[in-house]
Amino acid sequence: MSGGSTSQQGEITWARIEDDFFVGSRDGDFLGFIDREEPGAYVVCDQFSNRIGQFGELESAMEALREASSDAPSDALEETGAL
Amino acid sequence: MQQQHHSVERDEALKSLVYASTATRQFSDAELDELLRQARERNEQLDITGMLTFRDGKFVQFLEGTPEHIDELMRSIRADERHRDVSVLIEEPLAERQFTSWTMGYERMRDIQSAPPAGFRDTYADLDSHADSATTARAARELALWFKVRSGRR
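Here is what the cut-offs are and how they apply
- Residues numbered from 1 in each chain as written.
- Chains lettered and ligands numbered in written order.
- Predicted model: local features only at pLDDT ≥ 70, side-chain atom pairs only at ≥ 80, totals over all residues.
- Core = buried A, V, L, I, M, F, W, Y, C linked by C-beta atoms within 7 Å.
- Buried ≥ 20, exposed ≤ 12 C-beta atoms within 10 Å, placed from the backbone.
- Helix = DSSP H or I, 4+ residues; strand = E, 2+ residues; numbered from the N terminus.
- Contact = placed C-beta atoms within 7 Å.
- Pairing = 2+ DSSP bridges.
- Axes fitted to C-alpha atoms, helices over the stretch in contact; angles between N-to-C directions.
- Nonpolar A, V, L, I, M, F, W, Y, C, P; charged D, E, K, R; others polar.

1. Some thoughts on the nonpolar core
Logical step 1: Counting 45 residues, the largest nonpolar core has Phe-22 and Ile-34 of chain A together with Met-51 and Leu-143 of chain B as the members making the most contacts within it.
Logical step 2: A per-element tally of this core places helix α4 (residues 133–152) of chain B first, with seven residues.
Logical step 3: Once you skip the residues sitting within four places of it in the chain, Leu-143 of chain B turns out to touch Ile-17 of chain A together with Thr-53, Val-60 and Thr-123 of chain B.

Take a look at the structure:
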């Protein structure tokens, strides 16, 4: 169940918490999360819970979060807003 | 009472502890409510904050408070017949409370219906696997994020 990608240098680790809630992180820093609010509606938020957009497919949502994180200033990613 | 506010943190050392345990039997909703009521009452007395998740017969609980109070609470939990296989996942000094609004926050986790998508790790499985500390810490933080998002939308 937990045999997904591992965090290597610069690589995003994707994790599933519930069937409809996913988190992306890189090197221990949260990039944000994807919340499937209903079938075909994947809402993407950054690490501060700011909404990035809504997408029809998980892959599109992942790409949006990946792009948003690469645009973000590096120091902003150090503050996770979680633990 | 579930929510409380620590507007002023007293100048004392704090500790964060995350543990996992297995329920010794099935819990009805009423029994889970009673466990939460007891936990909140006890945590308020000890000035402990945190949150609890329960899924597939397993608890994961986050606790924050003074080391003395956390240790006292853990002794109580280890002696509680409702828990078995109590395993401390994370125990570390804490600069600032993360669950200031909850004596014991709780969000019901729905049963998982499917395997994670390809390339995704399973947070609960990572917590349960006693993996390396970095994996455990990441999974715990993912669970905490999930809790905050879910609780913030009610």
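2. Things to note about the sheet that holds strand β4 (residues 83–94) of chain B
Pairing between the strands of a sheet is mediated by backbone hydrogen bonds and can be parallel or antiparallel.
Residues and elements named next belong to chain B.
Logical step 1: A sheet is described by the order of its strands in space; here five strands give the open sequence β4-β1-β3-β2-β5, paired in mixed fashion. Only two strands of the sheet have a single neighbouring strand rather than two, namely β4 and β5 (105–106).
Logical step 2: With seven bridges connecting them, strand β2 (residues 49–55) and strand β3 (residues 58–65) associate as antiparallel partners. By the bridge assignment, Phe-54 is partnered in β3 with Phe-59.
Logical step 3: Sheet contacts for α4: β1 (14–23), β2, β3, β4 and β5; angle to β4, the most-contacted strand, approximately 90°.

3. Topic: the interface of chain B and chain A
Logical step 1: Contact with chain B, which involves 28 residues of that partner, is made by 24 residues of chain A.
Logical step 2: Elements with a contribution of two residues or more to the side of chain B that touches chain A: β6 (120–122), α3 (123–128) and α4 of chain B.
Logical step 3: In terms of residue count, the dominant contributor to the side of chain B that touches chain A is α4 of chain B (11 residues).
Logical step 4: Of the residues in the side of chain B that touches chain A, the class split is 14 nonpolar, six polar and eight charged.
Logical step 5: One ladder, built from three bridges, connects strand β1 (residues 12–18) of chain A with β6 of chain B; its direction is parallel. Within β6 of chain B, the residue paired with Trp-14 of chain A across the bridge is Phe-120 of chain B.

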